[in-house]
Each structure stands twice: as structure tokens, then as C-alpha cells.
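Breakdown of the fold
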There are 2 protein chains.
Amino acid sequence: MPEALRLYHASASPNSRRVRMFLAEKELVLTLVPVDLGKGEQRWDAYRRINPRQMVPTLVLEDGAAIGEVPAIWRYLEETYPAKLLLGATAREKALVSMWERRVELEGFAPVMEGVRNAAPGLKGRAIAGPHDYEQIPALVDRSRLRVANFLSDLDIRLADAPFVAGDQFSVADITALATIDFAAKAFATSIPEEQRALSRWREAVSARPSASA
Amino acid sequence: MPEALRLYHASASPNSRRVRMFLAEKELVLTLVPVDLGKGEQRWDAYRRINPRQMVPTLVLEDGAAIGEVPAIWRYLEETYPAKLLLGATAREKALVSMWERRVELEGFAPVMEGVRNAAPGLKGRAIAGPHDYEQIPALVDRSRLRVANFLSDLDIRLADAPFVAGDQFSVADITALATIDFAAKAFATSIPEEQRALSRWREAVSARPSASA
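Keep in mind the model is a prediction, meaning the values are calculated, not measured. (Residues numbered from 1 in each chain as written. Chains lettered and ligands numbered in written order. Predicted model: local features only at pLDDT ≥ 70, side-chain atom pairs only at ≥ 80, totals over all residues.)

Some thoughts on the overall build of chain A
Put simply, the rule reads: Secondary structure elements are defined from DSSP: runs of H or I of at least 4 residues count as helices, runs of E of at least 2 residues count as strands, and each element is numbered from the N terminus. Taken over C-alpha atoms, the radius of gyration is set against a globule rule of 2.2 Å times the number of residues to the power 0.38. Remark: C-beta atoms are placed from the backbone, and a residue is labelled buried if 20 or more other C-beta atoms sit within 10 Å of its own, exposed if 12 or fewer do, or partly exposed between those counts.
The helix and strand inventory of chain A stands at seven helices and four strands. In chain A, the succession of α and β elements from N to C terminus is β-α-β-α-β-β-α-α-α-α-α. For 214 residues, the compact-globule formula gives about 17 Å, and the C-alpha radius of gyration of chain A, at 17 Å, lands near that figure. Each principal axis of the C-alpha atoms in chain A carries an extent, and together these give about 50 × 45 × 25 Å. Evaluated residue by residue, chain A yields a buried proportion of 45% over its 214 residues.

As C-alpha cells, then:
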């Protein structure tokens, strides 16, 4: 019963959204437990016992095992509920989806997060999520904007060749890409340059899926 | 036939070592194709056609499909050659291995790489691997040393609870952790503090495996 699984998440967290979109695509309903990031609840003892990295989301299984990290949560859910595969069907597809999703995360999602964390006044001394405190480095803010621009341009080239990020099928690579672009729009007011037609076409298509509102 | 698979790698590349250790643990023999990073061969056209991120390693399948990114290469190999599982057996184990391996990569491996790339005189203007040029940021060098110290301390606490990083079994989480610690020792002359006994015990045990010399 999926309801026996608890997902600790936050509505404004882009990493939580990556899991909520996955659940929506699979039409899976778990027990959602909100974590109030505004109050810093992710750093309170109760949550730290579940996730020592102090990040959302975390999936807690029936036996109490706590799975942190978005790709690990996806992996558990895909193995347990294989209807409508989002991580690929064959060994080759699984590897290609994993590759594309990771490229999007490292080149797009992570730079957006880095830009936000190194700029936000409320995150002074907390430039990296997790149990340790690190000072903001202002030079990372400009670099992250440049990286995001390069990411959009590379993704446009990719999407001129394939309907979805990892190829012919919608996958987690599309989920991470949409979470990245929507978060960049909100955090940096980044918009897709007009000449990036393949990327615009793709964004329109994936934004029209019911999972986009998750 | 595993020999029909080609692995493009470089002997001094820690990411290549993560795949070579995996192969050694599974006793798989692929066709190894060296890429000369000293000459910048990863940026030449021939290699860029295989891997537009211009990084090693890349696994090329019989049909020519090119799989970049270490976790994606592992995934292909684990699915295709399941004898001696290194990514976990059950859904729960797969998720926990994925979580622990990723924590080690994000908190240990990536900071070591960041420290090296932002310090090395030969990498001026190339602070991030890949197709785009980024200037070095000196503040990242000190921050990465601090992050690596925190990583070792956190890993020691974990290894006081479990014989291997992800639990009772050797897994890819141990491979990434050993690649991180050995690379930090070489690049930063980092050594494990004497009081971190669980970490020292683990390092001795995993370094004694034949795969450690891969």
C-alpha cells in the first residue's frame, strides 16, 4: 500500500517537487508530511534523526528505513511500483536516462541552487544545505547565472534532436529539467531566449502534463 | 561478450577509477581505450562526438550508444552482468546504496575535485570540467578543504555503525568513498585523523581488496 510510505517534503522545495512530479506521473498517492523550511524544521532533532543531511525530501518506509536523496527515492518507487516506468525499461534505456538526468542536475539544477544559496540574505552562513555551515561566496552568484545560460543553450540543442531530454520517452530527466527551469524563472527571473525554439516547444509540452502542477 | 564494450578512461582520473574498481569487483574485462588528458584529448572532436561533456569515463556499447556519467555506466553494467551485485539486491537496498553513494559523492568526491580544479595552475579558466570555460574562484579552494574534513568526520561516525558505507555489504558507496579519500591524499596530502578509528579500519579493509589497485 503506497499510503504506508511517508514522504517528508516542502511545497516550495524544488527537490521535493522532483519527487511529487514523479508520484503524479505514476498516479501514486503516499502520505505527505510537510516540513516547514521557513521555521527551519529540517534542522530540528526530530527531522535530523530521519535525515542527517537535514534536507527534504525523505521517504520513510514501513519498517522505518529513511531514504534521502531524490534519485534514491525514485529508485525505490520505480522498483516497487513499476507501472509506467520513468527510469527506463532496458539496461540501455536505464543508463541513458540516468546519464541525461544527471547532466541536467549537475549542469542546470545544481547551479540554480548554488546561485540562490549564495545570494539570499536569509542564507548567510548557510551557503550549502546540510549539517555544516559555510559562508556565501559572492563570485558563485554570477558564475551560476552564466552556467544556467549555458545549460539552457545546450538543452535547446539536445531537444532539437529528441522530443524528450533522454530520447523518445518522458522520463525523470524531463522532471529535473522542468524543475530547474521553473525554479530559475522564479529565483533569477530567467526566461528561455526566443531563439531556443526546441526548448520552448518542450517546456510547453511538459508544462501541459498534469504532473507539472505537483 | 563484455569485450565488445569499450570503456574510454584515463589512468589518473578518479572518475575512471570508480568504474575500473567496479569492473574489478565484478571480474569483468572490457576493452579499455585510454584518453590522454595531459594532451587534452577529451576536448578533441573525436572524443567530443562520443561525450559532449568532454569527460572520462564513457562506456560505448556494441550499437555505438555512448553512456557517460559514472552512475549511468554502473547501472548499465549491473543490469547486464548481475553476478555480484554492487548496487543492492532489493528495492530497499538499491535505494539505500544510491543514497549513501550520492552523499559520498556530493559531500566528499565533488569537494575534492572542486578544490583541485580551482587551485591547479594548469586549469586556469577551466575550473569546471565540460564544454564551457569558467574562471577559478580561489575561495573555493579553502572551502573544499573544510568540506573534505567535515566529510571524513561524518563518514567516521557512519562507519562506527556499519562495516561498509551503505550497510552490511560492500557497494559502490565504498568505491566512491575510497576514490575520494585516495584522491584527497594525493591532491591535498589529506590524511585520516588518528581519532577516526572506524574510518581508518574501513580504509584498511577496502584497500586490501584486489579492486583497490584498479
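That shown, we press on.
Focus on the domain arrangement of chain A
Residues and elements named next belong to chain A. Short version of the rule: Domain ranges listed in this record stem from an automatic or a database domain assignment. Once C-beta atoms have been placed from the backbone, residue pairs whose C-beta atoms lie within 7 Å are recorded as contacts. In this classification, the charged set is Asp, Glu, Lys and Arg, the nonpolar set is Ala, Val, Leu, Ile, Met, Phe, Trp, Tyr, Cys and Pro, and all remaining amino acids, among them Gly, are polar.
Domains assigned within chain A are domain 1 (2–80) and domain 2 (91–213). Contacts between the two partners involve twelve residues from domain 1 and, on the opposite side, ten residues from domain 2. Ranked by residue count, the leading element in the side of domain 1 that touches domain 2 is helix 1 (residues 14–26), at seven residues. A per-class count over the side of domain 1 that touches domain 2 returns seven nonpolar, one polar and four charged.

So, the nonpolar core
Note the cut-off: Remark: nonpolar core denotes a set of buried Ala, Val, Leu, Ile, Met, Phe, Trp, Tyr and Cys residues whose joining runs through C-beta atoms within 7 Å.
By size, the foremost hydrophobic cluster in this structure holds 98 residues, and its most contacted members are Phe22 and Ile73 of chain A together with Phe22 and Ile73 of chain B. Those residues in contact with Ile73 of chain A that sit more than four places away from it in its chain are Val19, Pro57, Leu59 and Ile67 of chain A together with Ala95 of chain B.

Details of the pairing of strand 2 (residues 31–34) of chain A
All names here are of chain A. The test is simple: When DSSP locates at least two bridges between a pair of strands, those strands are taken to pair. The definition of a right-handed crossover adopted here requires that, viewed with the strands pointing away, the path from the first strand over the helix to the second runs clockwise.
The sheet contact formed by strand 1 (residues 6–9) and strand 2 spans four bridges and is parallel. Along strand 2, the bridge assignment pairs Arg6 with Thr31. With helix 1 bridging strand 1 and the parallel strand 2, this β-α-β connection has right-handed handedness.

Concerning the interface of chain B and chain A
The partner chain A presents 29 residues to the 29 residues of chain B that form the contact. Elements supplying a minimum of two residues to the side of chain B that touches chain A: strand 4 (66–68), helix 3 (70–80), helix 4 (91–119) and helix 5 (139–159) of chain B. No other element matches helix 4 of chain B, which puts nine residues into the side of chain B that touches chain A. Of the residues belonging to the side of chain B that touches chain A, the class tally is 15 nonpolar, five polar and nine charged.

What about the packing of helix 4 (residues 91–119) of chain A against helix 6 (residues 172–188) of chain A?
Residues and elements named next belong to chain A. Rule in force here: To get an axis, a line is fitted to the C-alpha atoms, and for a helix only the part in contact is used. The angle between two axes follows their N-to-C directions and goes from 0 to 180 degrees. Any angle that falls under 35 degrees is termed roughly parallel, while one over 145 is termed roughly antiparallel, one within 65 to 115 roughly perpendicular, and all others oblique. By convention, the crossing between two helices is left-handed when the near helix turns anticlockwise from the far helix through less than a right angle, and right-handed when the turn is clockwise.
Direction vectors running N to C along helix 4 and helix 6 enclose 15°, while the axes themselves pass 8 Å from each other. As the angle between them shows, helix 4 and helix 6 are arranged roughly parallel. Helix 6 is crossed by helix 4, and the crossing has left-handed handedness. The segment helix 4 lies against helix 6, with Val97, Trp100, Glu101, Val104, Glu105, Gly108, Phe109, Val112, Gly115 and Val116 engaging Val172, Ala173, Thr176, Ala177, Ala179, Thr180, Phe183, Ala184, Ala187 and Phe188.

So, the sheet that holds strand 4 (residues 66–68) of chain A
All names here are of chain A. With mixed pairing, the four strands of this open sheet are ordered in space as 2-1-3-4. Strand pairing shows two members of the sheet lacking a second neighbour, strand 2 and strand 4, which therefore form its edges. Each strand of the sheet is rotated relative to its neighbour by a mean of 25°, with strand direction disregarded.

Describing unusual backbone geometry
All names here are of chain A. For the bond running from Val56 to Pro57, omega is 0°, close enough to zero to count as cis. With respect to the element layout, Pro57 can be found in the loop between helix 2 (45–50) and strand 3 (58–60). At Lys84, a position not held by glycine, the phi torsion is positive, near 60°. Inspection of the secondary structure assignment puts Lys84 in the loop between helix 3 (70–80) and helix 4.

Let's talk about the sheet that holds strand 3 (residues 58–60) of chain B
All names here are of chain B. An order of 2-1-3-4 is seen for the four strands of this open sheet, with the pairing classed as mixed. Single-partner strands in this sheet number two, and they are strand 2 (31–34) and strand 4. When the angles between neighbouring strand axes are averaged without regard to direction, this sheet yields 25°. For strand 1 (residues 6–9) and strand 3, the ladder comprises three bridges, and the chain directions are antiparallel. When the bridges of strand 3 are listed, Tyr8 appears paired with Thr58.

Considering the relation of the copies chain B and chain A
Operational definition: All copies are superposed by least squares; the fitting set is the C-alpha atoms of residues with a pLDDT of at least 70 in both.
Once turned by 180° and shifted 0.0 Å along the axis, chain B lies on chain A with an RMSD of 0.0 Å. Read as a symmetry element, the transformation amounts to a two-fold axis. Comparing interface residues between copies, 100% of those in chain B also lie at the interface in chain A; the contact surface is shared.

Quick look at the packing of helix 5 of chain B against helix 7 (residues 197–207) of chain B
A pair of packed helices is captured by two measures, namely the crossing angle of their axes and the spacing between those axes. Residues and elements named next belong to chain B. Between helix 5 and helix 7, whose axes approach to 7 Å, the crossing angle comes to 80°. Overall, the two elements helix 5 and helix 7 adopt an arrangement that is roughly perpendicular. Residues Leu152, Leu155, Asp156 and Leu159 of helix 5 lie in contact with helix 7, whose contacting residues are Ala198, Leu199 and Trp202. Residue composition of the contact of helix 5 with helix 7, by class: six nonpolar, no polar and one charged.

Describing helix 1 of chain A
All names here are of chain A. We apply this condition: Expected span, for any helix, means 1.5 Å times one less than how many residues it has.
Spanning 13 residues, helix 1 covers 19 Å between terminal C-alpha atoms, matching the ideal 18 Å at 1.5 Å per step. Among the residues of helix 1, those classed as buried are Pro14, Asn15, Ser16, Arg17, Arg18, Val19, Arg20, Met21, Phe22, Leu23 and Glu25. Tucked inside the fold, the buried residues of helix 1 contact strand 1, helix 3 and helix 6.

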